[in-house]
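Spelled out from the first residue to the last, the chains are:
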Amino acid sequence: MKKLNNKLSVILLLLLTSCAQLRDSAPPARPWMNASLSPDARADLLMAQMTRQEKLALVTGFWGSPSPDYTPPALARHGSAGFVPGIARLGIPPQWQTDAGIGVAQQRSVQEKITRTALPSGLAVAATWNPEAAFQGGAMIGDEARASGLNVQLAGGVNLLREPRNGRNFEYGGEDPLLAGVMVGAAVRGIQSNYILSTIKHFAFNDQETERKSYNAVIDEGAARMSDLLAFQIALEQSHAGAVMCSYNRVNGDYACSNDGLLNGILKKDWGFPGYVMSDWGATHGPEDAARGLDQNTGVDGDALDLFGKRLADAMAAGTVPPARLDDMGRRILRSMFAVGLFEHPVTTDQGDIDFKSHELVSQRTAEESMVLLKNDQNLLPLAANIRSIAVIGGHANGGVLSGGGSSQVYPRGGNAVPGLKPTSWPVVYNPSSPLAAIRAHAPGAEVRYDAGTDIRRSARAARKAQAAVVFVTQWASESQDVSLDLGTHQNALVRAVAKANPRTIVVLETGGPVLLPWRSQVKAIVEAWYPGTRGGAAIAKVLFGDVNPSGRLPATFPASLSQLPRPQLQGGTVQYAEGAAVGYKWFAAHQLQPAFPFGFGLSYTTFTHSALAARVEGDALHVTFQARNIGKRAGRDVAQVYVAPVRGGWEAPRRLAGWRKFDLAPGAGMNAGITIDPRLLATYDTTAHAWRIAAGDYRLLLGTSSQDLPQSVTVTLAERTLKGP
Ligand code: GLC
């Protein structure tokens, strides 16, 4: 027995010793890797282990693209937008940053090497009015980012379409804060569903590109809160984006990236944003920006490198930046990385597999759902498959479909379908998805001829010979420059000549946003296809031939003339946003202006009716119910819109979008729907009380198919109420 005891004690001793050895040889304990702790607790634990230098390393991001006098860090993804080194000692992964909201965009220096799937433009996604479509698109982008070894997506552009000539409207979510916030929020949620951190940008009022790095947006706080800032607030609530990118411009005098009121006051204090603020590329002006809410200086390539390096350390030593600020900066970055999952789900390769086939289908489906049928006299569309002849004219439709320029540019697989176009400030890129080829595939028995549209008389002759003519007109828009709403003398003359030659003329628009359509009364059908992405040509043909019943609705007003805009003359310098929160359709309604096509508008190949509108107040909540029905012969998707209007006025505009539902309805089918109205949409922001307040009184709930077509209404009475929270 004694021997047995001895043996057991030896075994026990050996076990204890080996455990101790294991423990000693085990990697250092990393309590911050305990995923059961909150992101904030994990960030605190990690920060406590970091040296000053390591904390400083977190708050500067390098350019990822080489330039003649700059070589990115070795670990940066070649051609990406940015790179923040990791800290291996503590298991902190690098932050590999890439653009943007339409797909994984590589900078122009290496565009030939890394091609990815392009969604339709952000404005096209907003035109679907389908948050699920936006989510799926974002999820696709996040998957391609992961496979490309990138874990921070510089997406989430949500600047309101306040200025229809803004060159970057195509990247954003339109003119209404609810629609833009919900749609962009869903897209960012999709990106982050891959454990890829996304931004929401450009905070705030970067609503034009003219003098974007210096112009001063002037707007009173109440109007700001009820317009652009509400879009950001909703998008952040919907997405829990890990970061916010502050913008280049000034807001009420201070640069956005050092705007204490915007960053510390509204974003971090009022809204309780727990993540971090990164600068736009080159938007940091000095280490003191850190004291005013900026957490990370990104996109530096040498000359601004030390702004948040040595110069920040000096500023903290001099007391111009509180030393504790650096801990808060680092903590915000780390807590977002924990919250989104960058530690548990590190990107491990930039050569990951990508299921391009399914991704291109996501892009095409979104494009199909985004297209807006603006006009369809005598039901010219859809085209019959047995049509005998079609003239396809202009828009490089034989090659592909247009996309927007700038840092969001995704370079397509198969290369640029129309290389070498001017300007080359940013490359003009056509996705190689030819509408002509797709149209031919839909009408195999037809004679489908292409005419480039360069010689108007020749184009008119081609149109005259055909049973129908499809004219493609384009407007290229890009970052760093604003656009004209005029499609140009040649394109306008081309449309007129073709329409004159053939009354069965259809115009397909490939634009970055609203454009002027002076010939709209002279053509029978108009389809807004936006920048339709990687499979845009196929999507256009499906809509033209009725395989897809168009269900896009305008996310922005199409003005009839520039004179209708708050600022007919686009300017730089100090831009007084005198329209305040009356953006887009609100401005038009407040000034009884008749646009060419209103916000929310879009036709279908079938007909929907709405009925049984009812509203009820339950405690603090306002619920609206109604029915939608498809009374036509073809299945389709309806977008029933609810607006709210105070009977006694007093708002920035007569009415606001308060909600919507999108339905798939078979012929004859009906659907009941209910919407609970976000109380902020019933309120005005009281800057004295620093709160949203609902005024007592009667409010009309309006139901219809656009901001101007609202035949049904009910009235409810609301009590005066100050909302809790921001
Ligand atoms: C650009 C853009 C921003 C982009 C960044 C990185 O200047 O304003 O949207 O994410 O730089 O490319």
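As shown above, the structure is provided for reference.
These numbers come from a predicted model, not from an experiment.

Calculation criteria
Residues numbered from 1 in each chain as written. Predicted model: local features only at pLDDT ≥ 70, side-chain atom pairs only at ≥ 80, totals over all residues. Heavy atoms only, no water. Near = heavy atom within 4 Å. Polar contact = N/O pair within 3.5 Å; in protein donor to acceptor, adjacent residues only side chain to side chain. Areas by Shrake-Rupley, 256 points an atom, 1.4 Å probe, with all protein chains shown as cover. 1 Å grid on protein atoms, 1.4 Å probe; cavity = no way out; pocket = protein on both sides within 12 Å on 5 of 7 lines; lining within 4 Å. Sits in = over half its atoms within 2 Å of the grid points. Nonpolar A, V, L, I, M, F, W, Y, C, P; charged D, E, K, R; others polar. Helix = DSSP H or I, 4+ residues; strand = E, 2+ residues; numbered from the N terminus. Buried < 20%, exposed > 50% of the residue type's maximum accessible area, 1.4 Å probe, protein only. Pairing = 2+ DSSP bridges. Contact = heavy atoms within 4.5 Å. Axes fitted to C-alpha atoms, helices over the stretch in contact; angles between N-to-C directions. Phe/Tyr/Trp six-rings, centres within 6.5 Å; stacked < 30°, edge-to-face > 60°. Points joined across faces, edges and corners; volume = space filled by probe spheres on them. Core = buried A, V, L, I, M, F, W, Y, C linked by side-chain atoms within 4.5 Å. Patch = residues over 30% accessible without salt bridge, like charges linked within 9 Å, V, L, I, M, F, W, Y side chains within 5 Å. Salt bridge = Lys/Arg side-chain N within 4 Å of Asp/Glu carboxyl O. Lys, Arg positive; Asp, Glu negative; His and termini not counted. Charge placed at Lys NZ, Arg CZ, Asp CG, Glu CD. Disulfide = S-S within 2.5 Å. Arc of directions from axis to C-beta.

Visitor: Quick one: what's the story with the site of the ligand, residue by residue and with numbers?
Guide: Residues in close proximity to the ligand include Asp99, Leu154, Arg168, Lys201, His202, Arg212, Met245, Tyr248, Asp280, Trp281, Ser407 and Glu479, which together make up its full environment. Residue arginine 168 places a side-chain N or O atom 2.8 Å away from an oxygen atom belonging to the ligand. Lysine 201 places a polar side-chain atom, nitrogen or oxygen, 2.8 Å from an oxygen atom of the ligand. Notes on the ligand: free accessible area 310 Å², of which the protein chains cover 95%. Among the cavities detected, the one that contains the ligand is the largest pocket. By residue class, the composition of the shell around the ligand is 4 nonpolar, 2 polar and 6 charged.

Visitor: Give a description of unusual backbone geometry that names residues and reports values.
Guide: Residue histidine 202 is bonded to the preceding lysine 201 through a cis peptide linkage, with omega at -10 degrees. Relative to the helices and strands, histidine 202 resides in strand β5 (residues 197-203). The peptide bond linking phenylalanine 203 to alanine 204 adopts the cis configuration, its omega dihedral lying at 0 degrees. In the Ramachandran plot, asparagine 379 falls in the positive-phi region, its phi being about 45 degrees despite a non-glycine side chain. As for its placement among the helices and strands, asparagine 379 is situated in the loop between β12 (372-376) and β13 (389-393). Given the relative accessible area of 61%, asparagine 379 is considered exposed.

Visitor: Pulling in residues and values, what's your account of helix α9 (residues 260-270)?
Guide: For α9, the complete set of buried residues consists of Leu262, Leu263, Ile266, Leu267, Lys268 and Asp270. Remark: glycine 272 follows α9 within two positions and exhibits a positive phi of approximately 65 degrees.

Visitor: An account of the sheet that holds strand β6 (residues 216-218) is requested, with residue identities and associated values reported.
Guide: Strand order across the open sheet formed by 4 strands is β9-β8-β6-β20, with mixed pairing between neighbours. Strands with a single pairing partner mark the edges of an open sheet, and in this sheet they are β9 (254-255) and β20 (574-576). Where strand β8 (residues 250-251) and β9 come together, 2 bridges link them in antiparallel fashion. Each residue of the ladder has a partner; that of valine 251, found in β9, is aspartate 254.

Visitor: Give me the lowdown on the sheet that holds strand β2 (residues 80-84), citing residues and values where you can.
Guide: Overall, mixed pairing links the 8 strands, which are arranged β10-β7-β5-β4-β3-β2-β1-β11 in an open sheet. Of all strands in the sheet, those with a lone pairing partner are β10 (276-278) and β11 (297-300), marking the two edges. With 4 bridges joining them, β5 and strand β7 (residues 243-246) adopt parallel strand pairing. Among the inter-strand pairings, threonine 199 is bridged to a residue of β7, identified as alanine 243. Set on the sheet, helix α6 (residues 177-192) makes contact with β4 (152-153) and β5; between it and β5 the angle comes to about 150 degrees.

Visitor: Let's hear about the packing of aromatic side chains: which residues, and what values?
Guide: Under the criterion given, the structure shown has 15 aromatic pairs. Where tryptophan 129 meets tryptophan 660, the ring centres are 5.3 Å apart and the plane angle is 75 degrees; that geometry is what we call edge-to-face. On the criterion of sequence distance, the pair formed by tryptophan 129 in the loop between α4 (122-127) and α5 (131-147) and tryptophan 660 in strand β24 (residues 656-665) is long-range, its members being 531 residues apart. Classification of tryptophan 129 as buried rests on a relative accessible area of 0%. An aromatic cluster is present here, built from Trp129, Tyr585, Phe599, Tyr643 and Trp660 joined pairwise through their rings.

Visitor: An account of empty space enclosed by the protein is needed here, citing residue identities and associated values.
Guide: Enumeration over the complete set of coordinates arrives at 6 cavities of 30 Å³ or more. In terms of lining, the largest cavity is formed by 18 residues, of which the most central are Gly101, Gly122, Val125, Val184 and Ala187. Across the lining of the largest cavity, the residue classes break down as 10 nonpolar, 7 polar and 1 charged. Counted as a void, the second largest cavity has a volume near 110 Å³.

Visitor: An account of the nonpolar core is needed here, citing residue identities and associated values.
Guide: Counting 125 residues, the largest nonpolar core has Ile92, Phe203, Leu312, Leu334 and Phe626 as its most contacted members. The leading source of residues in this core is α6, at 8 residues. Not counting chain neighbours up to four residues away, the residues in contact with leucine 312 comprise Leu56, Val59, Pro287, Ala290, Asp306, Leu307, Val321, Leu326 and Met329.

Visitor: Describe the layout of surface pockets, listing the residues and the values that go with them.
Guide: By volume, the largest pocket is sized at about 420 Å³. Lining of the largest pocket is provided by 23 residues; of these, Trp63, Gln107, Trp281, Trp426 and Glu479 occupy positions nearest its centre. For the lining of the largest pocket, a count of residues per class yields 8 nonpolar, 7 polar and 8 charged.

Visitor: Go over the pairing of strand β19 (residues 525-528) with me, naming the residues and quoting the values.
Guide: Residues Ala525 and Val527 point to one face of β19 and Ile526 and Glu528 to the other, with burial holding for every one of them. Bridge count for β12 against β19 is 4 bridges, and the pairing is antiparallel. Each residue of the ladder has a partner; that of leucine 373, found in β19, is valine 527. Looking at chain direction, strand β18 (residues 505-510) and β19 are connected through 4 bridges and run parallel. Bridge pairing in β19 places isoleucine 506 opposite alanine 525.

Visitor: Which residues make up a positive patch on the surface, and what values do they have?
Guide: Taken together, the side chains of Arg457, Arg461, Arg464, Lys465 and Lys500 present a region of like positive charge at the surface. Its place among the elements puts arginine 461 in helix α14 (residues 456-465).

Visitor: Tell me about the state of the cysteines, and please be specific about residues and values.
Guide: Following the criterion strictly, the structure yields 1 disulfide and no others. The disulfide bridge from cysteine 246 ends at cysteine 257, spanning 2.1 Å between sulfur atoms. One quick way to see it: the torsion about the S-S bond of cysteine 246 and cysteine 257 is about 110 degrees, and its sign makes the bridge right-handed. On the criterion of sequence distance, the pair formed by cysteine 246 in strand β7 and cysteine 257 in the loop between β9 and α9 is long-range, its members being 11 residues apart. Residue cysteine 246 shares its accessibility class with cysteine 257, and that shared class is buried.

Visitor: Tell me about helix α10 (residues 310-318), residues and numbers included.
Guide: Among the residues making up α10, those that are buried are Leu312, Ala313, Ala315 and Met316. Considered in projection along α10, the buried side chains sweep an arc of 160 degrees and stay on one side of the axis. Along α10, exposed side chains directed more than 90 degrees from the buried face belong to Lys310, Ala317 and Ala318. The inward-facing, buried residues of α10 contact α3 (52-58) and α11 (323-340). Just downstream of α10, glycine 319 is the residue with a positive phi angle, here 90 degrees.

Visitor: Account for the pattern of salt bridges, naming residues and giving values.
Guide: Using the criterion set out here, one finds 42 salt bridges in the structure. The residue glutamate 618 makes a salt bridge to arginine 616 at a minimum N-O spacing of 2.6 Å. A relative accessible area of 42% places glutamate 618 in the partly exposed class. Of the residues examined, arginine 616 reaches a relative accessible area of 39% and is grouped as partly exposed. For aspartate 678, the salt bridge identified is with arginine 680, shortest N-O distance 2.8 Å.

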